[in-house]
Structure formats: C-alpha cells, structure tokens
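Analysis of the macromolecular model
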Amino acid sequence: MRDELDDIHPLFHGAPSTTEFKKLRKRIVRNTREAIEQYGMVERGAKWLVCLSGGKDSYTLLAVLYELKWRGLLPVELIACNLDQGQPGFPATVLPEFLEKMGVPHRIEYQDTYSIVMDKVPEGRTFCALCSRLRRGNLYRIAREEGCSAVVLGHHRDDILETFFMNLFHGGRLATMPPKLVNEEGDLFLYRPLAHVAEEDCEKFASAMNYPIIPCDLCGSQDGLQRQQVKQILDGWEKNAPGRRQVMFKALTNIRPSHMLDPKLFDFLGLSLEEKSEKSTDIPDLR
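Let me sum up the structure you'll find in this document. Values in this document were obtained by computation on a predicted structure and should not be read as measured data. (Residues numbered from 1 in each chain as written. Predicted model: local features only at pLDDT ≥ 70, side-chain atom pairs only at ≥ 80, totals over all residues. Heavy atoms only, no water.)

1. Comments concerning the overall build of the protein chain
Applied cut-off: To qualify as a helix, a DSSP run of H or I must reach at least 4 residues; to qualify as a strand, a run of E must reach at least 2; elements of each kind are numbered from the N terminus. Note on exposure labels: buried denotes an accessible area under 20% of the residue type's maximum, exposed denotes more than 50%, and partly exposed covers the range between, all computed with a 1.4 Å probe on protein chains only. Here, two residues are considered to be in contact whenever any of their heavy atoms come within 4.5 Å of each other. Per-residue and other accessible areas follow the Shrake-Rupley method at a 1.4 Å probe size, with only the shown protein chains counted as cover for residues.
Looking only at helices and strands, the protein chain has 10 helices and six strands in total. Across the 287 residues in the protein chain, those meeting the buried criterion constitute 42%. The long-range share in the protein chain, meaning contacts at least 24 apart out of those at least 6 apart in sequence, stands at 73%. Of the accessible surface of the protein chain, which amounts to about 17,100 Å², a share of 52% is contributed by carbon and sulfur atoms.

Here it is in structure tokens:
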C-alpha cells in the first residue's frame, strides 16, 4: 500500500506507508538535522545550491532538505542544480523533467568537462581527481551567479569514512571530507548535510521512492579504483562485526590530539612534569 494523503511535497508522492519506510525516513531526517545543527550550517535567509547528480545520495539529500524546510527547521531558500558534464550517453532530459514535475526550482548547466578529462588524464589513470576539480569550480561559479552562500553536496557517512581510509592508506595523512568547509576564495560555504546518514539508508530510500537513478559510468567503468578497494575492506569488517562502520565514524568525531603524533596539533615540546609541593599540608595525615 502507498499513502499519498499525508505527503508533504511532490518529492514524497507515492511514499510507501510501511512502518519500515517511515522509520527509515524519520532516521534520515533526524541524522540530517543533527549534522546541520552540530556543524552550524544554517544562516537564516540564506540560499543554498543543492547539487543533484541523479544518484541515490543526491535525491535523498534533496528530499530530506525539502522535508526539513516544510517542517520549519531549515529557513533557507533551495535551488537544485545539475551539471551536465558532456558524458556520452548521459540522459540529459531525466533530471529537468523530474525537477519540473516536482516543482523544484532548478538550474541545468552544460559544461563539457568530460572531453577535458579524457584529454588530460593518461591511460590507465583514474578520472576522479580532475573530474571533481572541474565540477567543483563550475558549481562555485554557478552558486555565485545564483546568489547562493553555500554549495550543498550529497556525500554521506560512508563517503566520509572511505575518504579517511584512502588518505590513511594512500595519502599518509589523517583527513577526510568535512561536513562544513569554506572555499579557498572565502566567499562560499560547502556543506554535507548527509554526513551522519548511512549509504545503505540513502539506497533504500531512493529505491523505495522510485527516483530515476542515473549511474556514473565514467567512474564506475574503471576497475581497481582505490575507493572501491577501501569499500570492499569496510564491507568485510562490517560483515564480520555489524555496526563497525558507525563505531569508526564516531571515532572521527572523538579525536584526542594529545594521543596522536602531530606536533602541530599538540605542544609536545612544551610538556613538563609538574613540580610537586613539599609542603606538609600536602602530605596526608595517616595517623
């Protein structure tokens, strides 16, 4: 059974009325609201450019932001944006038609970054880094043109965790995607409201809502990607110890600089033993 009577926005038309889906929807909304509040993402009256790729994560992001807005918990203006990067076979009409049908204000931008990536990246190398930089530069430009104060991305908990391990294994540093960031020019925020949301929940939600998913064949067609290798490792850990992903993610929010090894974060050279007082008043009376 599907219940359309209690829908709050066209994005939720046809939402399943099952208890399982209602719990899923509530959990995603709760986790998103938690991240928005914890990292101070809301500026009243601001305008957000919500980046929509056509994947499960970005659809989930768009839907949950509209639910929070409807509930009065997100006092910002939203405009969805899809950057068509000229990838061969990309179904260019899917997102415009979907957004028109949903009544979502949007902007579709065409920039052939695909040709640049194919020309610049040597054979056998992955496209992700250059593709991401070109995409990010265009999104920042569009945000400025639309009068937005923030670019909002659909990266979820698992993306953040995978990036941490990629930096650990391959980059020799402890770093990941922050939920909130200021761009290099200092004029735009970059937000990741799904920072606390599990990828599995995004997948279940988008699937249950029958959103028109568009796969990224540019990246997905390459074998041996570092991210895929890390994902497989994490999948194995999660299978052997359910809940392991969430425990590791929690560790990223519970860092103790004095128990790490970076002298830029903690003054190890300044550590000294405190002089113990020899005053008799400090000696306990054992009589």
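2. Some words on the sheet that holds strand S6 (residues 189-191)
Applicable threshold: Here a strand pair is declared whenever DSSP counts at least two bridges between the two strands. Axes, fitted as lines to C-alpha atoms, cover a helix only where it is in contact. Angles between the N-to-C directions of the axes lie from 0 to 180 degrees.
Sheet architecture is open: six strands sit in the order S3-S2-S1-S4-S6-S5, paired in mixed fashion. A single partner strand is all that each edge strand has here, and the edge strands are strand S3 (106-110) and strand S5 (180-182). Ignoring which end each strand starts from, the neighbouring axes of this sheet average 25 degrees apart. Both strand S1 (residues 47-51) and strand S2 (residues 77-84) contribute to a ladder of five bridges, which runs parallel. Each residue of the ladder has a partner; that of cysteine 51, found in S2, is cysteine 81. Contacts from helix H2 (residues 56-70) reach S1, S2 and strand S4 (150-152) within the one sheet, and its direction differs from that of S1 by about 150 degrees. Here helix H3 (residues 94-102) sits on the sheet in contact with S2 and S3, set at roughly 170 degrees to S3.

3. Considering the pattern of salt bridges
Stated formally: The salt bridge definition used is simple: a Lys or Arg side-chain nitrogen within 4 Å of an Asp or Glu carboxyl oxygen.
Applying the stated criterion across every chain yields a total of 22 salt bridges. Salt-bridge contacts for aspartate 57 lead to lysine 56; the nearest nitrogen and oxygen are separated by 3.6 Å. According to the relative accessible area criterion, aspartate 57 is buried, its value standing at 16%. Residues glutamate 199 and lysine 56 are paired through a salt bridge, measuring 3.2 Å at the closest nitrogen-oxygen approach.

4. Structural notes on the side chain of arginine 245
One can find arginine 245 in helix H10 (residues 244-252). Since its relative accessible area comes to 7%, arginine 245 is described here as buried. Not counting chain neighbours up to four residues away, the residues in contact with arginine 245 comprise Arg157, Asp158, Leu161, Lys231, Leu234, Asp235 and Glu238.

5. Concerning the packing of aromatic side chains
The following threshold applies: Here a Phe, Tyr or Trp ring, Trp counted by its six-membered ring, pairs with any other such ring whose centre lies within 6.5 Å, and the pair is stacked when the planes are under 30 degrees apart, edge-to-face when over 60, and tilted otherwise.
In the structure shown here, the tally under the stated rule is 12 aromatic pairs. Look at phenylalanine 164 and phenylalanine 165: their rings are 5.2 Å apart centre to centre, the planes differ by 80 degrees, and that puts the pair in the edge-to-face class. Classification of phenylalanine 164 as buried rests on a relative accessible area of 16%. According to the relative accessible area criterion, phenylalanine 165 is buried, its value standing at 8%. By way of ring pairs, the aromatic residues Phe12, Phe21, Tyr59, Phe98, Phe205 and Tyr211 are connected into one cluster.

6. Some points on the pairing of S2
Note the following rule: For a crossover, the right-handed case is the one in which the path from the first strand over the helix to the second runs clockwise, viewed with the strands pointing away from the viewer.
Of all eight residues that make up S2, seven are buried, and the element is covered over most of its length. The parallel pair S1 and S2, bridged by H2, forms a crossover whose chirality is right-handed. Taken together, the five bridges between S2 and S3 define a ladder with parallel strand orientation. Of the residues in S3, the one forming a bridge with cysteine 81 is arginine 107. One crossover worth recording links S2 to the parallel S3 by way of H3, and it is right-handed.

7. Here's the deal with a nonpolar patch on the surface
Quick note on the threshold: Nonpolar side chains (Val, Leu, Ile, Met, Phe, Trp, Tyr) within 5 Å and like charges within 9 Å form the patches, drawn only from residues with over 30% relative accessible area and no salt bridge.
Nonpolar side chains collect at one region of the surface, where Leu168, Phe169, Leu174, Ile233, Trp237, Ile255 and Met260 lie side by side and expose about 640 Å² of accessible area between them. Secondary-structure elements contributing two or more residues to the nonpolar patch are helix H6 (157-171) and helix H9 (226-240). Counting through the fold element by element, methionine 260 comes out in the segment after H10.

8. Regarding the environment of glycine 154
Positionally, glycine 154 belongs in the loop between S4 and H6. Judged by relative accessible area, which is 14%, glycine 154 ranks as buried. Every residue in contact with glycine 154, bar those within four places of it in the chain, is listed here: Asp57, Leu61, Asp159 and Leu194.

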